[in-house]
Amino acid sequence: MSDGKELKDLARQTRKILARHLRVRRFRRGELLWREGETSGMLVAIRSGRVKVYRLIPTGRAVTMFHFGPDDVFGFLPFLDGRAYPAYA
């Protein structure tokens, strides 16, 4: 099992490999990166701040699935396979 330092090192290595494909974007607090069902193909590497990934249940309530923060990399499956995102971020 990996510890937090190994995961952060892996995130840094991933950013280095993908650097030529990355561009810096800033999002305001509460702004959506994508909606469930979109296929924008965005790979995210967080420098600062936090991102909540959530799904909306039929009542309209949001259920949080993940929280991501600095040095985390996520959103890569739709980026690679072109399928829709399964949740909001």
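Before reading further, recall that the structure is shown in the block above.
Residues numbered from 1 in each chain as written. Predicted model: local features only at pLDDT ≥ 70, side-chain atom pairs only at ≥ 80, totals over all residues. Heavy atoms only, no water.

Next up on the list: unusual backbone geometry. Residues other than glycine seldom take positive phi values, yet Asp71 does so here, at roughly 75 degrees. With respect to the secondary-structure elements, Asp71 resides in the loop between strand E3 (62–68) and strand E4 (73–74). (Helix = DSSP H or I, 4+ residues; strand = E, 2+ residues; numbered from the N terminus.)

What follows concerns the layout of surface pockets. Considering only enclosed or pocket space, the largest pocket measures out at about 1,000 Å³ in volume. Arg25, Phe27, Leu33, Val44 and Ala45 are the residues nearest the centre of the largest pocket, which is lined by 30 residues in total. When residues of the lining of the largest pocket are traced back to their parent elements, those giving at least two are strand E1 (44–45) and strand E2 (51–56). Here the lining of the largest pocket gets three residues from one element, more than from any other, and that element is E2. (1 Å grid on protein atoms, 1.4 Å probe; cavity = no way out; pocket = protein on both sides within 12 Å on 5 of 7 lines; lining within 4 Å. Points joined across faces, edges and corners; volume = space filled by probe spheres on them.)

Take Ser48: it is sitting in the loop between E1 and E2. Taking the C-alpha atoms as reference points, Ser48 and Arg26, 22 residues apart in sequence, are found 9.7 Å from one another.

Turning to a nonpolar patch on the surface, a few remarks are in order. Among the surface-exposed residues, Phe76, Leu77 and Leu80 lie close enough to one another that they form a single nonpolar patch of about 330 Å² accessible area. Structurally, Leu80 is set in helix H2 (residues 76–81). (Patch = residues over 30% accessible without salt bridge, like charges linked within 9 Å, V, L, I, M, F, W, Y side chains within 5 Å. Areas by Shrake-Rupley, 256 points an atom, 1.4 Å probe, with all protein chains shown as cover. Salt bridge = Lys/Arg side-chain N within 4 Å of Asp/Glu carboxyl O.)

As a further point, take the packing of aromatic side chains. Ring pairs (aromatic) are described by centroid distance and by the angle formed between their planes. Overall, the coordinates contain five aromatic pairs when judged by the stated rule. The interplanar angle of 10 degrees and the centroid separation of 5.2 Å between the aromatic rings of Tyr54 and Tyr88 together place this pair among those described as stacked. Note that Tyr54 is positioned in strand E2 and Tyr88 in the segment after H2, a separation of 34 residues in sequence. Just as Tyr54 is buried, Tyr88 falls in that class too. Within the aromatic cluster, the residues linked to one another by ring pairs are Trp34, Phe66, Phe68, Phe74 and Tyr85. Above the face of the Tyr54 ring, Lys52 is positioned so that its terminal group lies 5.4 Å from the ring centre. (Phe/Tyr/Trp six-rings, centres within 6.5 Å; stacked < 30°, edge-to-face > 60°. Buried < 20%, exposed > 50% of the residue type's maximum accessible area, 1.4 Å probe, protein only. Lys NZ or Arg CZ within 6 Å of the ring centre and 35° of its normal.)

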